[in-house]
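Residues per chain, in single letters:
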Amino acid sequence: MSPLVERTMDAQRTLRRAISCVGIGLHSGNKVQLSLKPAQADFGIRFRRTDVGDQEVRASVQHLAGINLATALSSNQVSVETVEHLLAALVSMRIDNVLIELNSPEVPIMDGSSAPFIYLIQEAGVKTLNASRKYLKITSPISLSRGDKRIALYPSDHFKVTYSISYDHPLLRHQARTLTITEESFIEEIAPARTFTFLKDVEMLRQNGLALGGSLDNAIVLGETGVLNNALRFDDEFVRHKILDAIGDLALVGHPVIGHLVAHRAGHGLHTEFAGKILEATDCWTLVEGPLP
């Protein structure tokens, strides 16, 4: 059989069955019921708030709301917050179409990583749909800078991420990692990396009504000289989590990206602003149907 015949259509995917879990909202501290449900081709990723009349919010740049230590979406005055860890898991597992139901404004934080969401997707199973997946393939560089924070996309044959971080902390002065993102590499090397915060910031956050559900069970907490948690999952867990966040935020573009994402000291604000810039830079990319080159 010729290679051309073997290269079958890269089809859109959804879940095989519905699956649910219960968790805590990181900032609200409220108990949240979350359900992931199969959806038809071209449905996309949508959140449905069952506590406010089943109103839906699509996961897209157009519905981006304020960034306050996490990524939030809003439509018709209905919001969904802390979406990035779930979105990162969905797009990395190549789930194009899914209905996410929740009875609270906030996606549960679980253990602070994407690993619990990967588990849910694997338990639900994956179903192939009779429609082709379209990729956003970068053909010319796109970049954005804000002071010493910067982010860019360059042409590449794969989706690859290079991320570097720098903090004024003995454990976090500088970390960098480059990784080609596949289902396997995300599951093994990125999904388990947890969100992190500094002990000195926790009290300030709580005074402002944030991080009320935060604990050592769902975040890495850094004290003056080290980590308050028992152990890190990776020596460079911090930069791996930043890669996770960037993947989740870039999901708001609406198509899986083929390109090399390079970021330095970027955060949710720059990630999501950049997602909007990508869609505006129509001369720097083209939509292509799978399979991947």
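Higher on the page you've got the structure.
Residues numbered from 1 in each chain as written. Predicted model: local features only at pLDDT ≥ 70, side-chain atom pairs only at ≥ 80, totals over all residues. Heavy atoms only, no water.

### Description of the overall build of the protein chain
Here is step 1: When its secondary structure is counted, the protein chain shows seven helices and 18 strands.
Here is step 2: Computed over its C-alpha atoms, the radius of gyration of the protein chain comes to 19 Å, within 12% of the 19 Å expected for a compact globule of 293 residues.
Here is step 3: Considered along the principal axes of its C-alpha atoms, the protein chain spans approximately 60 × 40 × 35 Å.
Here is step 4: Evaluated residue by residue, the protein chain yields a buried proportion of 54% over its 293 residues.
Here is step 5: In the protein chain, the share of contacts with a sequence separation of at least 24, taken over all contacts with a separation of at least 6, comes to 74%.
Here is step 6: Total accessible area on the protein chain is roughly 13100 Å²; 49% of this is exposed by carbon and sulfur atoms. (Helix = DSSP H or I, 4+ residues; strand = E, 2+ residues; numbered from the N terminus. Rg over C-alpha atoms; globule rule 2.2 N^0.38 Å. Buried < 20%, exposed > 50% of the residue type's maximum accessible area, 1.4 Å probe, protein only. Contact = heavy atoms within 4.5 Å. Areas by Shrake-Rupley, 256 points an atom, 1.4 Å probe, with all protein chains shown as cover.)

### Some words on the side chain of Thr 82
Here is step 1: Along the chain, Thr 82 turns up in the loop between strand S7 (78-81) and helix H2 (84-92).
Here is step 2: Its relative accessible area of 6% is what places Thr 82 among the buried residues.
Here is step 3: A distance of 3.0 Å separates a polar atom in the side chain of Thr 82 from a polar atom in the side chain of Glu 106.
Here is step 4: The contacts of Thr 82, once residues within four sequence positions are left out, are His 27, Ala 70, Thr 71, Glu 106, Val 107 and Ile 109. (Polar contact = N/O pair within 3.5 Å; in protein donor to acceptor, adjacent residues only side chain to side chain.)

### Considering the side chain of Arg 13
Here is step 1: Secondary-structure assignment places Arg 13 in strand S1 (residues 11-15).
Here is step 2: Excluding residues that lie within four positions of it along the chain, Arg 13 makes contacts with Met 93, Arg 94, Ile 95, Asp 96, Asn 97, Val 126, Lys 127, Thr 128, Leu 129, Arg 133 and Glu 183.

### With respect to a nonpolar patch on the surface
Here is step 1: Judged by side-chain polarity, Leu 199, Leu 216 and Leu 228 come together as a nonpolar surface patch covering roughly 260 Å² of accessible area.
Here is step 2: Mapping Leu 199 onto the fold places it in helix H5 (residues 199-207).
Here is step 3: Classification of Leu 199 by relative accessible area gives partly exposed; the value is 44%. (Patch = residues over 30% accessible without salt bridge, like charges linked within 9 Å, V, L, I, M, F, W, Y side chains within 5 Å. Salt bridge = Lys/Arg side-chain N within 4 Å of Asp/Glu carboxyl O.)

### Focus: the packing of helix H6 (residues 237-250) against helix H7 (residues 268-280)
Here is step 1: In the contact formed by H6 and H7, the axes pass within 9 Å of each other and the chain directions differ by 35°. The two elements H6 and H7 meet at a crossing, and its hand is right-handed. When H6 is examined against H7, the residues Lys 242, Asp 245, Ala 246, Asp 249 and Leu 250 are found in contact with a partner set consisting of His 268, His 271, Thr 272, Phe 274, Ala 275 and Ile 278. (Axes fitted to C-alpha atoms, helices over the stretch in contact; angles between N-to-C directions. Left-handed = near helix turned anticlockwise from the far one by under 90°.)

### Describing the packing of helix H4 (residues 183-190) against H6
Here is step 1: It is the contact of H4 with H6, at a shortest axis distance of 10 Å, that shows an interaxial angle of 135°. Overall, the two elements H4 and H6 adopt an arrangement that is oblique. Counting all contacts with H4, which are made through Phe 186, Glu 189 and Ile 190, the residues of H6 involved are Arg 240, Ile 243, Leu 244 and Ile 247.
Here is step 2: Grouping the amino acids of the contact of H4 with H6 by side-chain chemistry returns five nonpolar, no polar and two charged. (Parallel < 35°, antiparallel > 145°, perpendicular 65-115°, else oblique. Nonpolar A, V, L, I, M, F, W, Y, C, P; charged D, E, K, R; others polar.)

### Structural notes on the pattern of salt bridges
Here is step 1: For the structure shown, the criterion picks out 22 salt bridges.
Here is step 2: Two residues, Asp 111 and Arg 233, come together in a salt bridge whose shortest N-O distance is 3.0 Å. Pair noted here: Asp 111 is in the loop between strand S8 (98-102) and helix H3 (115-124) and Arg 233 is in the loop between strand S16 (220-222) and H6, with a separation of 122 residues, a long-range link.
Here is step 3: Among the residues examined, Arg 233 registers a relative accessible area of 39% and is labelled partly exposed.
Here is step 4: Asp 148 is paired through a salt bridge with Arg 265; the nearest N and O atoms lie 2.3 Å apart. Here Asp 148, found in the loop between strand S11 (142-146) and strand S12 (149-154), pairs with Arg 265, found in the loop between strand S17 (257-264) and H7; they are 117 residues apart in sequence, far enough to count as distant.
Here is step 5: A residue is classified by how much of its surface remains accessible, and Asp 148, at 42% relative accessible area, is partly exposed.
Here is step 6: Arg 265 gets classed as partly exposed once you look at its relative accessible area, which sits at 27%.
Here is step 7: Salt bridges sharing partners connect three or more residues here, namely Asp 10, Arg 13, Arg 94, Asp 96, Arg 133 and Glu 183.

### Some words on H6
Here is step 1: The terminal C-alpha atoms of H6, which comprises 14 residues, lie 20 Å apart, in line with the 20 Å expected from a rise of 1.5 Å per residue.
Here is step 2: Taking burial as the measure, the 14 residues of H6 include 14 buried ones, the bulk of the element. (Expected span 1.5 Å × (residues − 1).)

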